[in-house]
Amino acid sequence: MTTSPERNSEAIRHVLGVSNLRAIRESNPLTICRGDGAYIFDEYGKDYLDASSSFYCAGLGYGCQQEILDAIAEQIGKLSFCVSASSRTTDTTIEFAERLSGLVPIDNARILFGCSGSEANDFLIKILRYREILKGETNRRKIISRRGGYHGGTIATAALGGDPDLHESFGLDTADHLYVSQPDYFNSGLPGETEAQYVSRLADELIRTIEDTGPEKISAFFIEPVNFSSGFLPPPTGYMSRMSEITRRYGISLIADEIVTGFGRTGALFGSDTVGLVPDCLTLGKAMGGAYFPMSAAVIDGDLYDWLERGSDVHGAFGHASTFSGHPIGAAIGLKILEIFEKQNLLAHI
Ligand SMILES: Cc1ncc(COP(=O)(O)O)c(C=O)c1O
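Before going into details, it helps to say that this report is about the structure given with it. (Residues numbered from 1 in each chain as written. Predicted model: local features only at pLDDT ≥ 70, side-chain atom pairs only at ≥ 80, totals over all residues. Heavy atoms only, no water.)

Time to look at the site of the ligand. Lining the immediate surroundings of the ligand are 13 residues, of which G117, S118, F228, D257 and K286 lie closest. Contact distances for the ligand include 2.9 Å between an oxygen atom and a backbone N or O atom of G117. The contact in question runs from an oxygen atom of the ligand to an N or O atom on the side chain of S118, over 2.5 Å. Taken by itself the ligand offers 390 Å² of open surface, and the protein chains cover 85% of this. Residue contributions to the shell around the ligand peak at 3 residues, all from helix α5 (residues 117-134). Here the shell around the ligand is composed, by residue class, of 4 nonpolar, 6 polar and 3 charged. (Near = heavy atom within 4 Å. Polar contact = N/O pair within 3.5 Å; in protein donor to acceptor, adjacent residues only side chain to side chain. Areas by Shrake-Rupley, 256 points an atom, 1.4 Å probe, with all protein chains shown as cover. Helix = DSSP H or I, 4+ residues; strand = E, 2+ residues; numbered from the N terminus. Nonpolar A, V, L, I, M, F, W, Y, C, P; charged D, E, K, R; others polar.)

Rendered as structure tokens:
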């Protein structure tokens, strides 16, 4: 048991997200000092069963497995860091990208690494715009997402979130955003409406949104395989196939935000596999680095990558980078996590 420091909450310099900052001035935030298995322990030694694995990140629990510690030590001993940009990267980063691309439900996948889920979604929005401009479709900027969804904390990804409070209190520009219903048959189905009728109603809403706006102005539809912020409700039967069929018909990219649902959260390695979704691109984060290291990725299909290559012909280089993306320590951890998933047959136990 640790002895609690006599901390003056007024003096806490750490600005906490999603917290009542006025209340924190009056009482200390819960301060966690230790983790073990599925438990975390506060500064008084009180234990908590962390059923959400710290915002769905610590997929393998707390307390580093020896194999992970060894992988970290080995990578730091070999090469602690080298930037992945300016035509260079690391052997471990290449190996991790290769391993991931063979696992995701996307053809000819390429991996653009980031350090947070917000970055992964933000980068993807940015490169979708890059593609549309190269195609000469400069008006194709709008993105559809679902009310009640959450996709990150940057200016672009917060606007993608489907809660007006995320936009309005920060004065975010949502002119390029369109919002449709979150599928929730249990709470939003009408009296007497069957699941199939409910899915048809949501499909009609999506079609109406696309046609009223003009499909030529819409780039992508961001969707979570299972939405977490609206209550972890699995989509109704037939919903994903209808959404896929509609986006394909109108030439709109379907993006799976797998930042929560990736890496076993829904029983398969990816939530898309669980709900029968075949997205054009997907984004990963959180459990990707097991919370041992911040890692994320935008996974893009071969067609989008071809456009990035064409962009280099036009601009001389792909004008995007992020210093720590593809960090070799994170890549070494990511590889080890995938190995543990396989060796311990973890998916069979979820
Ligand atoms: C579905 C989803 N997408 C994106 C994000 C943003 O990820 P991060 O907080 O790592 O930036 C979150 C975070 O909770 C999320 O739940």
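We now examine empty space enclosed by the protein. Applying the stated criterion across every chain yields a total of 1 cavity of 30 Å³ or more. Forming the boundary of the largest cavity are R146, Q182, P183, E224, P225, V226, N227, L233, P235 and M240. Partitioning the lining of the largest cavity into residue classes produces 6 nonpolar, 2 polar and 2 charged. (1 Å grid on protein atoms, 1.4 Å probe; cavity = no way out; pocket = protein on both sides within 12 Å on 5 of 7 lines; lining within 4 Å. Points joined across faces, edges and corners; volume = space filled by probe spheres on them.)

In this section: the pattern of salt bridges. Per the stated rule, a full pass over the model turns up 13 salt bridges. Of the charged contacts, one joins E137 and R140 as a salt bridge, the two residues approaching to 2.5 Å between their closest N and O atoms. Its relative accessible area of 27% is what places E137 among the partly exposed residues. Of the charged contacts in the structure, one is a salt bridge between E339 and K336, with a shortest N-O distance of 3.3 Å. Here K336 and E339 lie together in helix α13 (residues 328-343), a separation of 3 residues that amounts to about one turn. Via salt bridges that share partners, E67, K336, E339 and K343 belong to a single interconnected network. (Salt bridge = Lys/Arg side-chain N within 4 Å of Asp/Glu carboxyl O. Buried < 20%, exposed > 50% of the residue type's maximum accessible area, 1.4 Å probe, protein only.)

Once that is clear, we can look at the sheet that holds strand β1 (residues 32-36). Here we have 3 strands laid out as an open sheet, ordered β1-β2-β3, and antiparallel in their pairing. Only two strands of the sheet have a single neighbouring strand rather than two, namely β1 and β3 (47-49). On average, adjacent strands in this sheet sit at an angle of 30 degrees to one another, irrespective of strand direction. Bridge analysis of strand β2 (residues 39-42) against β3 gives 3 bridges, and the strand direction is antiparallel. Each residue of the ladder has a partner; that of Y39, found in β3, is L49. (Pairing = 2+ DSSP bridges. Axes fitted to C-alpha atoms, helices over the stretch in contact; angles between N-to-C directions.)

Within strand β8 (residues 253-257), 5 of the 5 residues are buried, leaving the element largely enclosed by the surrounding structure. Burial of the side chains of β8 extends over both faces: S253, I255 and D257 are buried on one face and L254 and A256 on the other. In the sheet, strand β7 (residues 218-223) pairs with β8 via 4 bridges, with the strands oriented parallel. Each residue of the ladder has a partner; that of F221, found in β8, is L254. After leaving β7, the chain enters helix α10 (residues 239-249) and then returns to the sheet as β8, a path that is right-handed. By the bridge criterion, 3 bridges tie β8 to strand β9 (residues 281-284) in an arrangement that is parallel. (Right-handed = clockwise from strand over helix to strand, strands pointing away.)

Counting residues in each nonpolar core, the largest one holds 53 residues, and the members touching the most others are F96, L100, F113, F221, F263 and M288. No other element matches α13, which puts 8 residues into this core. In contact with F263, not counting residues within four places along its chain, are L100, L269, F270, L284, G285, A287, M288, L338 and F341. Membership of the second largest hydrophobic core comes to 17 residues, among which are L124, I127, F222 and C281. (Core = buried A, V, L, I, M, F, W, Y, C linked by side-chain atoms within 4.5 Å. Contact = heavy atoms within 4.5 Å.)

Next up on the list: unusual backbone geometry. Positive phi values are uncommon outside glycine, yet Y56 reaches one of about 70 degrees. Owing to a relative accessible area of 14%, Y56 belongs among the buried residues under this scheme. Even without being glycine, S87 reaches a positive phi, approximately 60 degrees. Here S87 shows up in the loop between α3 (66-78) and α4 (91-101).

This part is about helix α9 (residues 195-213). Compared with an ideal rise of 1.5 Å per residue, which puts 19 residues at 27 Å, α9 spans 27 Å between its outermost C-alpha atoms and is within 8% of the ideal. Looking only at α9, the buried set comprises Y198, V199, L202, A203, E205, L206, I207, T209, I210 and T213. Elements that come into contact with the buried residues of α9 comprise β5 (142-146), β6 (177-180), α8 (185-188), β7 and α10. A positive backbone phi angle near 105 degrees is found at G214, which sits one or two residues after α9. (Expected span 1.5 Å × (residues − 1).)

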